[in-house]
Amino acid sequence: QVQLVESGGGLVQAGGSLRLSCAASGRTFSNSVMGWFRQAPGKEREFVARINWSGVITYYADSAKGRFTISRDNAKNTVLLQMNSLKPEDTAVYFCAAAVGKLFAPRITDYNYWGQGTQVTVSS
């Protein structure tokens, strides 16, 4: 069982930065692919970034490349999403997710644990 709790969301002006944090409980964190997803009002949940168990391999959605950075600290059971140069279209609820026991997790259905989400609002 893995529990995920996101924090760090808020209101920021366009061009600003936020750092989202996801605290995980459970002994399976270190062997999980961790991902960040987001869901804007009226839209489907979409992939933002993911990181493999060691933190060496990362993958980003095109919308996040060059602006967002995902990282993890297995000793602290934490995964971070640093978001820079934020745009109004980044406004969404951001979710942390875990794909426990998987080496790769390219599909949203690979993720079997989800946090409750944290709201990010970017004003223009």
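Residues numbered from 1 in each chain as written. Predicted model: local features only at pLDDT ≥ 70, side-chain atom pairs only at ≥ 80, totals over all residues. Heavy atoms only, no water.

J.: Sorry, what's going on with the overall build of the protein chain here?
T.: Helices and strands together make up the secondary structure of the protein chain, namely zero helices and eleven strands. The C-alpha radius of gyration of the protein chain comes to 13 Å, within 12% of the 14 Å expected for a compact globule of 124 residues. In terms of overall dimensions, the protein chain has a C-alpha envelope of 40 × 30 × 25 Å along the principal axes. A buried classification covers 40% of the 124 residues belonging to the protein chain. (Helix = DSSP H or I, 4+ residues; strand = E, 2+ residues; numbered from the N terminus. Rg over C-alpha atoms; globule rule 2.2 N^0.38 Å. Buried < 20%, exposed > 50% of the residue type's maximum accessible area, 1.4 Å probe, protein only.)

J.: Which parts of the structure should I look at to understand unusual backbone geometry?
T.: Leave glycine aside and you will find that most residues have negative phi; peptide bonds, for their part, are mostly trans. Positive phi, normally seen in glycine, also occurs at Asn 77, with a value near 50°. Structurally, the position occupied by Asn 77 is in the loop between β7 (68-73) and β8 (78-83). One non-glycine residue, Ser 85, lies in the positive phi region at around 50°. Position of Ser 85 relative to the elements: it lies in the loop between β8 and β9 (92-100).

J.: I keep staring at the environment of Tyr 94 and nothing clicks. Help me out?
T.: The residue Tyr 94 is located in strand β9 in this model. Separated by 2.9 Å, the side chains of Tyr 94 and Arg 38 make a polar contact. (Polar contact = N/O pair within 3.5 Å; in protein donor to acceptor, adjacent residues only side chain to side chain.)

J.: How do you make sense of the state of the cysteines when you look at a structure like this?
T.: A covalent bond between the sulfur atoms of two cysteines is referred to as a disulfide. Throughout the structure, instances matching the rule amount to one disulfide. Paired through a disulfide, Cys 22 and Cys 96 show a sulfur-sulfur distance of 2.1 Å. Judged by the sign of its S-S torsion, about -75°, the bond between Cys 22 and Cys 96 is left-handed. Taken together, the residues Cys 22 in strand β3 (residues 18-25) and Cys 96 in strand β9 connect sequence positions 74 residues apart. There is no split in this pair, since Cys 22 and Cys 96 are both buried. (Disulfide = S-S within 2.5 Å.)

J.: Looking at this structure, I do not really get the sheet that holds strand β1 (residues 3-7). What am I missing?
T.: Each strand in a sheet pairs with its neighbour through backbone hydrogen bonds, running either in the same direction (parallel) or in the opposite one (antiparallel). Spatially, β1-β3-β8-β7 is the arrangement adopted by the four strands of the open sheet, whose pairing is antiparallel. Bordering the open sheet on either side are β1 and β7, each of which pairs with just one other strand. Between one strand and the next, the sheet's axes are offset by a mean angle of 15°, whatever the strand orientation. Pairing of β7 with β8 involves six bridges; the strand directions are antiparallel. Residue pairing across strands places Ile 70 opposite Leu 81, the latter belonging to β8. (Pairing = 2+ DSSP bridges. Axes fitted to C-alpha atoms, helices over the stretch in contact; angles between N-to-C directions.)

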